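# Tertiary structure, described
One-letter residues, chain by chain:
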Amino acid sequence: MTGSAGNSVNRCTHCNEPAIIRLTDPERRLCAKHFTEDAEERVFNHIDTEIMIHPGSGIAAGLSGGKDSTALLVILKKYIAENPGAEIVAVTIDEGIDGYREETLKAATKLCKNLGVKHHIISFTELFEKSLDEIVAGQKDRACSICGVLRRRALNEAATRVNATAIATGHNLDDEAQSVLMNTLRGDLAHLVQDTSNGYPKIFIPRIKPLSVLTEKEITVYLLANDLFTDLPECPYAVSALRSEVRSMIADLEYSYPGTKKNLIKFRSGVRGVNNLQVDNDPGFCRICGERTGGDICRVCSLLEPDLD
Ligand code: SF4
């Protein structure tokens, strides 16, 4: 964000109001109103060119109650108001994380009420008979990887219940760039090229990321500019060492070499283009729970019942 207004450098490029953010490519300084329009226009263009929400689409928007998902729901609601015919339902996963999820659930419920959006909540306890706290007791260092697998299943289940044709998540440009670098550092080509946006047609519900054109900072500024920012607790398990190292590495590189984040995403698109690692055959069904899986037992069942492997 820029410093205080008062000199012309800190005025909006489009009007004389104080600028709240400086953006590059193209270079511009924007006031709250013009930044809001700029950010929304970029997301709308991304949806129009890459994502395609049509009349008849049913979008399940993942809503944790945190920053990214709040911005996602607000902007999607505006997009659908301008492009009527699609429907949006917010879905929240209650993992069962003591001292964290209660507050974010309250924020999510309040936001849906204010926006007039239907809200569906699904819990780990309902789906897996245990909360995340219970599942990861004694293996807290693995909480995020276990949670990630279970959340994906829960989100799919919630989206199926609300008859969604697509699942929208709040991943931003930083998240996407970090994932590219993390998968590269791990040598994980399969995850690097994996594209969940087409849902491996007619098998999985496609996943869309409308906010992937906005940086984390832009999302925070968008919420602040629109009086939507709520300071909520962080998940107590959010301590992935690799992700936080990668985050600061990319931030340094972006500072020295502007465009690094976008180049990482471009690199992934290029690799996807030349790689044919997408699954060629229909995945089968897990012999325990009957869900789609590439193996004999799905990852959810392997995690919940490791003795079955
Ligand atoms: Fe789950 Fe980790 Fe996210 Fe917490 S930080 S909600 S444990 S993935």
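Look a little higher up for the structure.
Our subject in this report is the structure included herewith. (Residues numbered from 1 in each chain as written. Predicted model: local features only at pLDDT ≥ 70, side-chain atom pairs only at ≥ 80, totals over all residues. Heavy atoms only, no water.)

Let us now look at the site of the ligand. The environment of the ligand is made up of E95, L132, C144, C147, C235, Y237 and A238. Here the shell around the ligand is built from residues that sort into six nonpolar, no polar and one charged. (Near = heavy atom within 4 Å. Nonpolar A, V, L, I, M, F, W, Y, C, P; charged D, E, K, R; others polar.)

This brings us to helix α2 (residues 67-82). With 16 residues, α2 extends 23 Å from end C-alpha to end C-alpha; this agrees with the ideal 22 Å at 1.5 Å per step. Of all the positions in α2, only D68, S69, T70, A71, L72, L73, V74, I75, L76, Y79 and I80 are classed as buried. (Helix = DSSP H or I, 4+ residues; strand = E, 2+ residues; numbered from the N terminus. Expected span 1.5 Å × (residues − 1). Buried < 20%, exposed > 50% of the residue type's maximum accessible area, 1.4 Å probe, protein only.)

Now for the nonpolar core. Of all hydrophobic cores here, the largest spans 39 residues; its most connected members are F35, I53, L73, L76, L211 and Y222. For this core, the secondary structure elements donating two or more residues are β1 (21-23), α1 (32-51), β3 (58-62), α2, β4 (87-94), α3 (101-115), β6 (166-168) and α9 (216-225). When residues in this core are grouped by element, the largest group, eight residues, is from α2. Leave out the neighbours within four places in its chain, and L73 touches A61, L63, I88, A90, L111, C112, L115 and V117. (Core = buried A, V, L, I, M, F, W, Y, C linked by side-chain atoms within 4.5 Å. Contact = heavy atoms within 4.5 Å.)

Turning our attention to the layout of surface pockets. What the second largest pocket holds in volume is close to 190 Å³. In terms of lining residues, the second largest pocket is bounded by F128, K130, E134, I135, Q139, R142, I146, L303, L304, E305 and P306. Within the residue set of the lining of the second largest pocket, elements represented by two or more residues are α5 (132-135) and α12 (299-304). In terms of residue class, the lining of the second largest pocket is made up of six nonpolar, one polar and four charged. (1 Å grid on protein atoms, 1.4 Å probe; cavity = no way out; pocket = protein on both sides within 12 Å on 5 of 7 lines; lining within 4 Å. Points joined across faces, edges and corners; volume = space filled by probe spheres on them.)

What the five strands build is an open sheet, ordered β5-β4-β3-β6-β7; its pairing is parallel. Sheet topology places β5 (118-123) and β7 (207-208) at the edges, where each strand pairs with a single neighbour. Inspection of the sheet shows β3 paired to β4 by five bridges, in the parallel sense. Each residue of the ladder has a partner; that of A60, found in β4, is V89. Relative to the sheet, helix α6 (residues 143-161) contacts β3, β4, β5, β6 and β7, its axis offset from that of β5 by approximately 140°. (Pairing = 2+ DSSP bridges. Axes fitted to C-alpha atoms, helices over the stretch in contact; angles between N-to-C directions.)

What follows is about the side chain of T220. With respect to the helices and strands, T220 occurs in helix α9. Note on T220: relative accessible area 19%, which makes it buried. In contact with T220, other than residues within four places in its own chain, are K67 and F229.

For the structure on display, the rule yields two aromatic pairs. Summarising the aromatic geometry, the rings of F44 and Y79 are spaced 5.2 Å apart at their centres and angled 75° between planes, so their arrangement reads as edge-to-face. On the criterion of sequence distance, the pair formed by F44 in helix α1 and Y79 in helix α2 is long-range, its members being 35 residues apart. Y79 gets classed as buried once you look at its relative accessible area, which sits at 3%. Seen in terms of ring centroids, F124 and F128 are 5.3 Å apart; in terms of plane orientation they differ by 75°. Their pairing is edge-to-face. Taken as a pair, F124 and F128 lie in helix α4 (residues 124-128) at a separation of four residues, close to a single helical turn. Residue F128 is classed as buried on the basis of its relative accessible area, which comes to 11%. (Phe/Tyr/Trp six-rings, centres within 6.5 Å; stacked < 30°, edge-to-face > 60°.)

Another point: helix α11 (residues 260-274). The periodicity of an α-helix, 3.6 residues per turn, causes residues three or four places apart in sequence to face the same way. An ideal rise of 1.5 Å per residue puts 21 Å on 15 residues; α11 measures up with 21 Å between its terminal C-alpha atoms. Those residues of α11 not exposed but buried are T260, K261, L264, I265, R268 and V271. The arc enclosing the buried residues of α11, seen along the axis, measures out at 150°, which places them on a common side. For α11, exposure combined with an orientation more than 90 degrees from the buried face picks out K266, G273 and V274. (Arc of directions from axis to C-beta.)

A word on the pairing of β3. For a regular strand, the rule is simple: side chains alternate between the two faces of the sheet. Buried residues dominate β3, accounting for five of its five residues. Here β3 shows two buried faces, one formed by G58, A60 and G62 and the other by I59 and A61. Remark: the β3/α2/β4 crossover connection has right-handed handedness. Sheet analysis places β3 next to β6, joined by three bridges and oriented parallel. Looking at the pairing, A60 lines up with I167 of β6. (Right-handed = clockwise from strand over helix to strand, strands pointing away.)

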